[in-house]
Amino acid sequence: MLRTWTDTHYKLDDSDWLYIAAHEEQGSVSLVCPGCARDGEGFSIHFTAAHTEMLESLIATLKGLKTRQKALSTYPEPERRVPAIR
């Protein structure tokens, strides 16, 4: 059978509805983003315990981004100085 490769990119919005579904009989869990909330463009990603380290790294990276964004938002804007006319 001929098989082709296709990479798919989904950008989640802050308002996207997500939930986790456990599949104990398969030893996996899924991150589910239902199509009913995305005009039929839903998806599900199955993870196993083998993915734990990568998912922890993903969470750490997201937390780091959040921390950096928060730090940047606390710095005041620099004042614009108009040169004095002499």
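Since the model is a prediction, treat every value here as computed from it, not as a measurement. Sequence order sets the numbering: in each chain, residues are counted from 1 along the sequence as written. Only residues with pLDDT of 70 or above have their local features reported here, since the model is predicted, and side-chain atom pairs are shown and tallied only from 80 upward, although totals for entire chains, interfaces and linings are computed over all residues. Heavy atoms from the whole structure form the basis of all side-chain values; hydrogens and water molecules are not counted.

1. Things to note about the sheet that holds strand 3 (residues 43-48)
Backbone-to-backbone hydrogen bonds pair the strands of a sheet. The strands run either parallel or antiparallel. Pairing between strands is defined by DSSP: at least two bridges between the two strands are required. Note on conventions: DSSP H or I runs of at least 4 residues are helices, E runs of at least 2 residues are strands, and numbering of each starts at the N terminus. Read across the sheet, 3 strands follow the order 1-2-3 without closing on themselves; strand pairing throughout is antiparallel. The open sheet is flanked by strand 1 (19-23) and strand 3, the only strands paired with a single partner. Adjacent strand axes in the sheet meet at a mean angle of 25 degrees, parallel and antiparallel pairs treated alike. Two elements, strand 2 (residues 28-33) and strand 3, share 6 bridges in a ladder whose sense is antiparallel. Across the sheet, Ser28 pairs through a bridge with Thr48, a residue of strand 3. Each axis is a line fitted through C-alpha atoms, and for a helix only the stretch in contact is used; angles between axes span 0 to 180 degrees, taken between their N-to-C directions.

2. Re the packing of aromatic side chains
When the centres of two rings from Phe, Tyr and Trp lie within 6.5 Å, Trp using its six-membered ring, the rings pair. Their planes under 30 degrees apart give stacked, over 60 give edge-to-face, and anything left gives tilted. This model, assessed by the stated rule, comprises 2 aromatic pairs. Seen from their ring centres, Tyr10 and Phe43 are 4.3 Å apart, and the 25 degrees between their planes marks the pair as stacked. Of the two residues, Tyr10 is situated in the segment before strand 1 and Phe43 in strand 3; the sequence distance between them amounts to 33 residues. We classify Tyr10 as partly exposed; its relative accessible area is 34%. With centroids separated by 5.5 Å and ring planes inclined at 40 degrees, the aromatic side chains of Trp17 and Tyr19 adopt a geometry described as tilted. Whether a residue is buried, partly exposed or exposed follows from its accessible area with a 1.4 Å probe, protein chains only, as a fraction of its type maximum: under 20%, in between, or over 50%, in that order. Judged by relative accessible area, Trp17 falls into the partly exposed class, the value being 47%.

Shape is all these values report; function is a separate question.
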